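Take a look at the letters that make up each chain.
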Amino acid sequence: MQTSFLRFADEATAQLALGTVGIYVPSSDDVPGCYRQADINWAFDPIGTIIRGGEWDPETGEELEPPVVLDGWHANYIGPLPGSLEEFLVFPEAPVRKFAGID
């Protein structure tokens with residue numbers, strides 16, 4: 001199976017899109033919302049905001065090079081991708097995280 005890399009504008013957009021396919025379960029009166037992690041046919045890995053790089057002086061902690069915050073809210077999905085999520089597919093050259101090394 002192939003990992004599908006997803007990028008949403010923000011987490012609220014992700015929750016809305018993922019809620020329509022049953023991956024995100026909205027909060028109720030006393031239970032916070034949550035992402036379902038897996039089913040027999042799929043698995044979901046919420047990543048969130050991705051921050052790359054950055055360099056700090058090891059002695060002073062001074063920032064030498066700022067980290068880069070990538071646009072969007074990210075997640076990985078493995079399994080048959082619901083058609084409504086296809087618009088969120090991205091194809092990173094160097095993914096931050098993959099399922100067990102599966103491309």
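Nothing here was measured: the structure is a model prediction, and the numbers come from that model.

**Q** Before we go on, may I ask you to explain the layout of surface pockets in this structure?
**A** To find leftover empty space, a probe the size of one water molecule is rolled over the atoms. Taken as a whole, the largest pocket holds about 240 Å³ of empty space. What lines the largest pocket is a set of 18 residues, and nearest its centre among them are Ile-50, Leu-70, His-74, Val-90 and Pro-92. Secondary-structure elements contributing two or more residues to the lining of the largest pocket are β1 (3-8) and β9 (73-78).

**Q** Would you explain the pattern of salt bridges in this entry?
**A** Two side chains with opposite charge may pair up if their charged atoms get near one another. For the coordinates displayed, the defined rule picks out two salt bridges. Measuring nitrogen to oxygen at the nearest pair gives 3.3 Å for the salt bridge that ties Asp-39 to Arg-36. Residue classification places Arg-36 among the partly exposed positions, given a relative accessible area of 33%. As a salt-bridge pair, Arg-97 and Asp-45 come within 2.9 Å of each other at their nearest N and O atoms. Placement of the pair is Arg-97 in the segment after β10 (89-90) and Asp-45 in strand β4 (residues 43-48), with a sequence separation of 52 residues. Overall, Asp-45 belongs to the buried group, its relative accessible area being 15%.

Rules of the game
- Numbering of residues begins from 1 in every chain and follows the order in which that chain's sequence is written.
- With the structure being a predicted model, the display of local features is reserved for residues of pLDDT at least 70 and the display and counting of side-chain atom pairs for 80 or more, all residues being used for whole-chain, interface and lining totals.
- Heavy atoms from the whole structure form the basis of all side-chain values; hydrogens and water molecules are not counted.
- Grid points spaced at 1 Å over the protein atoms alone were grouped into cavities, where a 1.4 Å probe fits but cannot get out, and pockets, open sets with protein on both sides within 12 Å along at least five of seven lines, with lining residues defined by an atom within 4 Å of a point.
- Grid points are joined across faces, edges and corners, and a volume is the space filled by probe spheres set on the points.
- Numbering of helices and strands runs from the N terminus, with a helix taken as a DSSP run of H or I at least four residues long and a strand as a DSSP run of E at least two residues long.
- The term salt bridge refers to a pairing of a side-chain nitrogen on Lys or Arg with a carboxyl oxygen on Asp or Glu at a separation within 4 Å.
- Partly exposed describes any residue whose relative accessible area lies between the buried limit of under 20% and the exposed limit of over 50%, with all areas from a 1.4 Å probe on protein chains only and scaled to the type maximum.

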